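# A look at the structure
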Amino acid sequence: MRYARVSVGGRAVWGRVGERDIELLSHSPIETTGERGGRGPDVIGTLPRATAVWLPPVVPPVFYAVGMNYARHIAHAEAATPDRPEVGYRANNALTGHGAAIVKPAEVEGRFEAEPELVAVIGRTVRYATREEAHRSVFGWTIGNDVSARTWQHQDRTLWRSKNSDTFKPMGPWIETDVDALAQTTTLRVNGEVRAEFPTGDMVFDPFDHIVEISRHLTLHPGDVLWMGAESACRIEPGDTVDIEISGIGVLSNPVVPEGNRA
């Protein structure tokens, strides 16, 4: 099943995505999974898929992000291979949906890059999870584009603007609940040209390793997201269109534009 959030009359509405239409739902399907139980959402209307304005498929209570989780990326960065799962955090203001523009700030100089990432969406409250419980805690999977301003990344003590500026985290187009995400292939295209391709599951630590480790210290909640890192990155510039495909899930596509005049 594929679930999305779309804009209807300026309001965010959940939907169940079909081949041609989107069934609009009364509320989030995530809220009725796991130990919460309860009645599933009702269908309250339909929307032609071709006319949809896509929003990030979930606005997470907590936005977790994994770094240095693929051997090639670690080697390129000349970094040490992690010996245990660890996560950082990202800001919700950076989220934008499928089809929306990635805005390159006027102040950004040097490398401005995209990284294709698998995203796990948590579907139930979990603490002290076993690996089996970690598997059950995932509601579904979506796609993320980890946009980074590398000069800012090296200038600042934290990643506050290099990773978290507005529009730097496209996510979508939907959440796929019926896929073996780790058995898929991730492909990054810029203007239709393949710039990176790798086995999605070829990670140092997989999502379930991270959920087990996180839940030893923090409670995970429905709607939390966990971005799983990328094998490689590529440079992007205004005028480009960035497509990230994970087989079995879909394609996340976003144009890159320059920052306009400030008010």
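Scroll up for the structure.
Residues numbered from 1 in each chain as written. Predicted model: local features only at pLDDT ≥ 70, side-chain atom pairs only at ≥ 80, totals over all residues. Heavy atoms only, no water.

### Observations regarding the nonpolar core
Core analysis: the biggest nonpolar cluster contains 42 residues, and Phe112, Leu118, Trp141, Ile211, Leu226 and Ile236 have the highest contact counts within it. Counting only elements with at least two residues in this core, the list comes to strand S10 (112-114), strand S11 (116-122), strand S12 (138-145), strand S15 (185-190), strand S16 (193-199), helix H4 (207-215), strand S19 (241-246) and strand S20 (250-258). Residues Trp14, Val119, Val225 and Trp227 belong to the second largest nonpolar core, which totals 15 residues. (Core = buried A, V, L, I, M, F, W, Y, C linked by side-chain atoms within 4.5 Å. Buried < 20%, exposed > 50% of the residue type's maximum accessible area, 1.4 Å probe, protein only. Helix = DSSP H or I, 4+ residues; strand = E, 2+ residues; numbered from the N terminus.)

### Describing the packing of aromatic side chains
A complete count under the given rule lists 7 aromatic pairs for this structure. Ring centres of Trp141 and Phe208 lie 6.1 Å apart, and the angle between their planes is 90°; on these two criteria the pair is classed as edge-to-face. Placement of Trp141 in strand S12 and of Phe208 in helix H4 is noted, with a sequence separation of 67 residues between them. (Phe/Tyr/Trp six-rings, centres within 6.5 Å; stacked < 30°, edge-to-face > 60°.)

### Some thoughts on the pairing of S19
Relative to S19, S15 is paired through 5 bridges, and the arrangement is antiparallel. In the sheet register, Arg189 faces S19, and the bridge partner there is Asp243. Bridging between S19 and S20 involves 6 bridges; their strand directions are antiparallel. Paired with Asp243 across the strands is Ser253, a residue of S20. Counting the residues between successive antiparallel strands, the hairpin from S19 to S20 contains 3 residues, one of them, Gly248, with a positive phi of roughly 85°. (Pairing = 2+ DSSP bridges.)

### Examining the layout of surface pockets
Of the voids in this model, the largest pocket is the one considered here, and its volume is about 440 Å³. Lining the largest pocket are 24 residues, with Met68, His73, Ala77, Glu115 and Arg150 positioned closest to its centre. When residues of the lining of the largest pocket are traced back to their parent elements, those giving at least two are helix H1 (71-76) and helix H3 (150-155). Tallied by class, residues from the lining of the largest pocket come to 7 nonpolar, 7 polar and 10 charged. Its volume calculated, the second largest pocket comes out at about 190 Å³. If you trace the second largest pocket, you find 14 residues lining it, with Val66, Gly67, Met68, Glu86 and Val87 closest to the centre. Classifying every residue of the lining of the second largest pocket by side-chain character gives 7 nonpolar, 4 polar and 3 charged. (1 Å grid on protein atoms, 1.4 Å probe; cavity = no way out; pocket = protein on both sides within 12 Å on 5 of 7 lines; lining within 4 Å. Points joined across faces, edges and corners; volume = space filled by probe spheres on them. Nonpolar A, V, L, I, M, F, W, Y, C, P; charged D, E, K, R; others polar.)

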